[in-house]
Amino acid sequence: MLNSSGQPAEALILFGITGDLARRKLFPALYDLTAEGVADIPIIGVASRGWTDEILREHARDALEAAGITIDEEVFSRLAGNLCYVSGDYREPDTFVDIAKRADGGACAVSYLAIPPDLFDDVVEGLSSAGLNREGRLVLEKPFGRDTESAQQLNEIVHRHFSEDRVYRIDHFLGKEAVQNLMIFRFSNTILEPVWNRHYIRGVQITMAEDFGVEGRGKFYDNVGAVRDVIQNHLLQVMALLAMEPPVSEHPDALRDERVKVLTAVESLTANDIVRGQYEGYRSEPGVAPDSDTETFAAVRLEIDSWRWAGVPWIIRAGKGLADTVTEAVVEFQRPPRPLFADSDCVPGANRLTFRTKPDEDISLSLQAKVPGPTMVSGPVDLHLQHDRKRGRDAYHRLLASALQGDPSLFARQDGVVEAWRIVDDILTGADPVVDYQRHTWGPRKADRLLGEDWAWATP
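As a further point, take the side chain of Arg259. With respect to the secondary-structure elements, Arg259 resides in helix 10 (residues 252-265). It turns out Arg259 is buried and unbridged, and the closest side chain with the opposite charge, Asp253, is 8.0 Å from it. Setting aside anything within four residues of it in sequence, one finds Arg259 in contact with Leu174, Gln237, Ala240, Leu241, Met244, Ser409, Leu410, Phe411 and Ala412.

Our focus in this paragraph is helix 9 (residues 225-243). Along its 19 residues, helix 9 runs 26 Å from first to last C-alpha, staying within 8% of the 27 Å computed at 1.5 Å per residue. For helix 9, the principal kink sits at Ile231 and spans about 50°. Summarising burial for helix 9: 19 of the 19 residues are buried, a large majority.

This brings us to the nonpolar core. Phe15 and Trp314 are the most contacted members of the largest nonpolar core, which has 143 residues in total. Ranked by the residues each element gives to this core, the list is headed by helix 9, at 12 residues. Setting aside residues up to four positions removed in sequence, Trp314 forms contacts with Val204, Ile206, Met239, Leu242, Ala243, Val300, Arg301, Leu302, Ile304 and Trp309.

Attention now goes to unusual backbone geometry. Omega for the bond connecting Lys142 with Pro143 falls within 30 degrees of zero, at 15°, which places this linkage in the cis form. Within the secondary structure, Pro143 is located in the loop between strand 5 (137-141) and helix 6 (148-159). Cis rather than trans, the peptide bond between Lys358 and Pro359 has omega equal to 10°. As for its position among the elements, Pro359 is in the loop between strand 12 (352-358) and strand 13 (362-370).

Here we take up empty space enclosed by the protein. It is a probe the size of a water molecule, rolled over the atoms, that shows where empty space is left. Evaluated as defined, the whole model comprises 5 cavities of 30 Å³ or more. Taken as a whole, the largest cavity holds about 60 Å³ of empty space. In terms of lining residues, the largest cavity is bounded by Phe173, Val179, Leu182, Ile206, Val238, Thr327, Glu328, Ala329, Phe355 and Thr357. Elements represented by at least two residues in the lining of the largest cavity include exactly helix 7 (177-187), strand 11 (326-333) and strand 12. In terms of residue count, strand 11 provides more of the lining of the largest cavity than any other element does, 3 residues in total. Along the lines of polarity and charge, the residues of the lining of the largest cavity split into 7 nonpolar, 2 polar and 1 charged. Taken as a whole, the second largest cavity holds about 50 Å³ of empty space. Going through the elements one at a time, helix 10 and helix 12 (414-430) are the ones with two or more residues in the lining of the second largest cavity. Top contributing element to the lining of the second largest cavity by residue count: helix 10, with 4 residues. Counted by class, the lining of the second largest cavity contains 5 nonpolar, 2 polar and 3 charged residues.

Reading the values: the criteria
- Along each chain, the written sequence defines residue order, and numbers are assigned to residues from 1.
- Only residues with pLDDT of at least 70 get local features here, since the model is predicted, and only at 80 or more are side-chain atom pairs given and counted; chain-wide, interface and lining totals rely on the full set of residues.
- For side-chain calculations, the full set of non-hydrogen atoms in the structure is used, while hydrogens and water are omitted.
- To qualify as a helix, a DSSP run of H or I must reach at least 4 residues; to qualify as a strand, a run of E must reach at least 2; elements of each kind are numbered from the N terminus.
- Categorising residues by exposure relies on relative accessible area from a 1.4 Å probe, with only protein chains included: less than 20% of the type maximum marks a residue as buried, more than 50% marks it as exposed, and the intermediate range marks it as partly exposed.
- Positive residues here are Lys and Arg, negative ones are Asp and Glu, while His and the chain termini are left out of the count.
- For this analysis, a salt bridge means a side-chain nitrogen from Lys or Arg found within 4 Å of a carboxyl oxygen belonging to Asp or Glu.
- Residues are treated as being in contact if the distance between any of their heavy atoms lies within 4.5 Å.
- Here a helix's expected span is defined as the number of its residues, less one, multiplied by 1.5 Å.
- For a residue, the bend is simply the angle between two axes, fitted respectively to the seven-residue segment ending there and the seven-residue segment starting there.
- Note on terminology: a nonpolar core comprises buried Ala, Val, Leu, Ile, Met, Phe, Trp, Tyr and Cys residues joined through side-chain atoms within 4.5 Å.
- In this analysis, the protein atoms alone were mapped onto a 1 Å grid. Cavities are point sets where a 1.4 Å probe fits without being able to get out; pockets are open sets with protein on both sides within 12 Å along at least five of seven lines; lining residues have an atom within 4 Å of a point.
- Grid points are joined across faces, edges and corners, and a volume is the space filled by probe spheres set on the points.
- Residue type decides the class: Asp, Glu, Lys and Arg count as charged, Ala, Val, Leu, Ile, Met, Phe, Trp, Tyr, Cys and Pro as nonpolar, and the leftover types, Gly among them, as polar.

If you want it as structure tokens, here you go:
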């Protein structure tokens, strides 16, 4: 499904082509898209290093081999034939004159900015000076600012030269196969709709845990923290997908409208709604300030003030140095009003529907069944979704293809980005100091207070 700017791309311009993102994600995606015939257009890599076309092509081969791809020489020959390189300063107009020449007259050029946000102004100005903004599209990597004010400033910079319908903000979570399946599972199974509301759902817990630390990225991470890194973007988007109403049509903006409606209905977080933690030893990591108050763990409790979800708690937690590496959403249903077959102290457990996206894609439903034996006592029985199918496309494969084809449905929109920052703005500077926690645990015990007295963590 295409929007008004949805003509197929006639050229792809990759700023930051020599960086880590291009090596790990973009070159493998480009190889697959070339094999499918989607990316048979000029691909112009741009960076400051004094490379040549041939060096870039060798770099592309090295990146594909490092990704474990078995290279088909015919496919790589086509990719290499499309690849070229422009070395230059983003502040110099001549750089963009060279880019326009390499684009070979392609009016609809997709410019992908895999560069720091403080360079966006120079690049969008340069693209405009070369006329590459008139029919072109702009793809931005997160972060989209550091708070509401900076996000709005960033939008103003971009909108000077690109209208909103030509701006594609990547949140790679929205391109993941498992996240795509979450939407299909929700809206293709009518059995869920009657119980998908505050009358039957007790609460929802979303967890993104990593058992490793900052791994040499201390200088970067110390300026970001868990809230900015994954909660404000990835995990609020997962919440929106779980909570949104069915889109009214297949138009790309219909899906984005519903995600934004959820974020708009979420109350802004306060200091009482968050617990921040920091794993022991974090301040000794290279690049981390010795008195750092940056959170490596955060748990927040949100409320969605809508007819469907009023009163249902949504708990999001994310952290590094935790007990396991797992990303999942657990929907817990209300318990039965009273036990029918057992003593009052043998209350049946709650039904839970779990969507796991990492380490493996998995959907499971926990039901209650009789425990074998003489007593009428129930216990949990898990039903797992199992099906044989090929592994889905990588998120960057899907998102890059969508940008080239002009389909914005899986990309973040300006109003959604601003609403997500609005939700977390007050806790970015107004939260309590971090609490220490030991590595390989589930974070500080203080986070338990967000659950209340009659709820427990859905431990993966």
